[in-house]
Amino acid sequence: MTKTPGGGPPRTSTADIVELVETRTPHNYHPLPVAIAEGNGAWVTDVEGRRYLDFLAAYSALNFGHCHPDIIGAAEHQLRRLTLTSRAFLHDQLGTFCAELAELAGMEMVLPMNTGAEAVESGLKVARKWAYDVKGVPPDQANVVVAAENFHGRTITLISFSTDPLARRGFGPYTPGFRIVPYGDAAALEAAVDDDTAAVLLEPIQGEAGVIVPPVGYLAAARKICSQRGSLFMADEIQTGLGRTGTTFACEHEGVRPDVYLLGKALGGGIVPVSAVVADRSVLGVLHPGEHGSTFGGSPIACTVGRTVVALLRTGEYQKRAKELGVHLHERLSALVGGGLVEVRGRGLWAGIDIDPALATGREVCERLMQKGVLAKDIHGSTLRLAPPLVVTMQELDQAVDALEQVLLELDLERNVSRRRRLTAG
Ligand SMILES: Cc1ncc(COP(=O)(O)O)c(C=O)c1O
């Protein structure tokens, strides 16, 4: 029998767990009714022993799969040595992690934080400070230009410049200082940037919006606009970065080097939240003692896990897998356009697919996929996101796409049957 941590009766059935979660946590999520007990590579097993392919990979936080042996091994070793010191003291992992991550990104410094939202918040603070201290923007006049349909996290400031009513409504008053322009429109971006613009903050591919890839040349144009106006180009690579799109950073697809990378998710190896603001000394050097911090940011365990992630990425193996298998995934998904899918977007092992809304909602498709042993997540309406761990095999990819194909066929069949019934009844 499974021993429940912290005592109390073990919860071994999905129904029990659903009931407990429903009554004991606020309903800020709408999870699929699957209760996972174990994970390995691209696979998870639920409390009743059913196996599923994980095609969400914790929104890319599990790029290296569940329980990657190198990451687990390094974490286990560190857990027995030292887990936390706070930043009041130094420890033997911090400097090395920061140096190794900075080198991977081709930058000079790393500010370690925990969650993605914290990395973005920290990046915004750094950008404002840089605008006042270095660029010479008058006090409290700095603005940051962002894109519509963005997703950067859930804090008050980050939702202040969200365009998603669901994310914003009921949480005002909002933080001022942000200008929102349409994503992918370089002319609109150029028009919004002025002398007081501290930074332009963009996702190289918008994940939550539906895996929206901007027009070719957009990131390069954003880079150029920032350079010309003396503003920082901040790339939120929290979901796109660290291998997902077939390169270490998605900005590389356009040969763009931003001034600031915001990283998170996969940096924690699927174990602990590890995020970072990565930039040169000319940018991160604006912070002084007392101006910013985090109790857990840059902890020994976070740094050890982060170092292992950097080491895995240095091999280039995961980027290569994402690139090569991504071609196969997109080929297979594109073949379903017209057969239940309306559109397929994305890059590498990352796809946003639009289901024919006449067939089903994204949620319905996810529920049916779950019945066939594949876990995926709808984003909104009829859009689904597929993001398997980068350790997924070609065979596993095919298995998941076969399941999707079957679901679409079944839905089409059911639609035709009910249509015929209605005709006969009429
Ligand atoms: C692009 C991007 N930025 C920031 C975040 C926020 O990360 P976290 O949920 O770790 O705060 C996310 C999360 O999905 C994201 O996709």
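Below, the structure is looked at part by part.

Further remarks concern the environment of V120. Inspection of the secondary structure puts V120 in helix α5 (residues 116–135). A relative accessible area of 0% means that V120 is categorised as buried. Sequence separation between V120 and Y261 is 141 residues, and the spatial gap between their C-alpha atoms is 9.5 Å. Not counting residues up to four positions away in its chain, the partners in contact with V120 are H152, L158, L201, D236, I238 and L262.

Quick look at the sheet that holds strand β1 (residues 36–40) now. The strands making up a sheet associate through backbone hydrogen bonding, with each pair oriented either parallel or antiparallel. Across the sheet, 4 strands lie side by side as β1-β2-β3-β13; this open sheet has mixed pairing. Two strands close off the open sheet at either side, each with one partner strand: β1 and β13 (374–375). Where strand β3 (residues 51–54) meets β13, 2 bridges bridge the pair, whose relative direction is parallel. Bridged to D54 within β13 is L375.

The subject of this paragraph is the pattern of salt bridges. Think of it this way: side chains of opposite charge can pair up when their charged atoms draw near. Across all of its chains, the model carries 24 salt bridges by this definition. Across the pair R179 and D194 runs a salt bridge whose closest N-O atoms are separated by 2.8 Å. You can see R179 sitting in strand β6 (residues 178–181) and its partner D194 sitting in the loop between α8 (186–192) and β7 (197–202), a full 15 residues away along the chain. Classification of R179 as partly exposed rests on a relative accessible area of 31%. A residue is classified by how much of its surface remains accessible, and D194, at 24% relative accessible area, is partly exposed. Salt-bridge contacts for R368 lead to E414; the nearest nitrogen and oxygen are separated by 2.8 Å. Taken together, the positions of R368 in helix α13 (residues 362–371) and E414 in helix α14 (residues 394–425) put the pair 46 residues apart, joining distant regions of the chain. Residue E414 is classed as partly exposed on the basis of its relative accessible area, which comes to 40%. The network of salt bridges with shared partners includes R332, D398, D402 and E405.

In this section: helix α9 (residues 218–229). Because the α-helix completes a turn every 3.6 residues, residues three or four places apart line up on one side. Taking 1.5 Å as the rise per residue, α9 with 12 residues should run 16 Å; its terminal C-alpha atoms sit 16 Å apart, in good agreement. Those residues of α9 not exposed but buried are Y218, L219, A222, R223, I225 and C226. The arc that holds every buried residue of α9, seen down its axis, measures 165°, which confines them to one face. Within α9, the exposed residues directed more than 90 degrees away from the buried face are K224 and Q228. Summarising the contacts, the buried residues of α9 are in contact with α8, β7 and β8 (232–236). Phi for G230, located one or two positions after α9, is positive at around 65°.

Near the ligand you find T115, G116, A117, F151, H152, G153, E203, D236, I238, Q239 and K265, and these make up its full shell. Within the side chain of Q239, an N or O atom sits 2.7 Å from an oxygen atom of the ligand. Taking 390 Å² as the accessible area of the ligand by itself, protein coverage stands at 81%. Across the shell around the ligand, the residue classes break down as 3 nonpolar, 5 polar and 3 charged.

Two aromatic rings, taken as a pair, are described by how far apart their centres are and by the angle between their planes. Summed over all chains, the structure comprises 4 aromatic pairs. Geometrically, the ring pair formed by F161 and F178 is tilted, given 4.3 Å between the ring centres and 35° between the ring planes. With F161 in the loop between α6 (156–160) and α7 (165–168) and F178 in strand β6, the pair connects residues that are 17 residues apart, well separated along the chain. Judged by relative accessible area, F161 falls into the buried class, the value being 0%. Ring geometry for Y183 against Y218: centres 5.5 Å apart, planes inclined by 75°, an arrangement best described as edge-to-face. Remark: Y218 occurs in helix α9 and Y183 occurs in the loop between β6 and α8; sequence separation between them is 35 residues. In this structure Y218 comes out as buried when scored by relative accessible area, which is 2%. For R51, the ring lying beneath its charged end belongs to W43, and the centroid distance is 4.4 Å. The cationic tip of R168 hangs over the ring face of Y174; the distance from NZ or CZ to the ring centre is 4.0 Å.

Right, let's get into unusual backbone geometry. Residues G172 and P173 are joined by a peptide bond in cis, for which omega reads 0°. Following the sequence through the fold, P173 ends up in the loop between α7 and β6. Phi is positive for A57, close to 50°, though the residue is something other than glycine. Looking at where A57 falls in the secondary structure, it is placed in helix α2 (residues 57–60). For A57, a relative accessible area of 0% corresponds to the buried category.

The rules behind these values
- Residues numbered from 1 in each chain as written.
- Predicted model: local features only at pLDDT ≥ 70, side-chain atom pairs only at ≥ 80, totals over all residues.
- Heavy atoms only, no water.
- Helix = DSSP H or I, 4+ residues; strand = E, 2+ residues; numbered from the N terminus.
- Buried < 20%, exposed > 50% of the residue type's maximum accessible area, 1.4 Å probe, protein only.
- Contact = heavy atoms within 4.5 Å.
- Pairing = 2+ DSSP bridges.
- Salt bridge = Lys/Arg side-chain N within 4 Å of Asp/Glu carboxyl O.
- Expected span 1.5 Å × (residues − 1).
- Arc of directions from axis to C-beta.
- Near = heavy atom within 4 Å.
- Polar contact = N/O pair within 3.5 Å; in protein donor to acceptor, adjacent residues only side chain to side chain.
- Areas by Shrake-Rupley, 256 points an atom, 1.4 Å probe, with all protein chains shown as cover.
- Nonpolar A, V, L, I, M, F, W, Y, C, P; charged D, E, K, R; others polar.
- Phe/Tyr/Trp six-rings, centres within 6.5 Å; stacked < 30°, edge-to-face > 60°.
- Lys NZ or Arg CZ within 6 Å of the ring centre and 35° of its normal.

Just distances and angles here, no functional claims.
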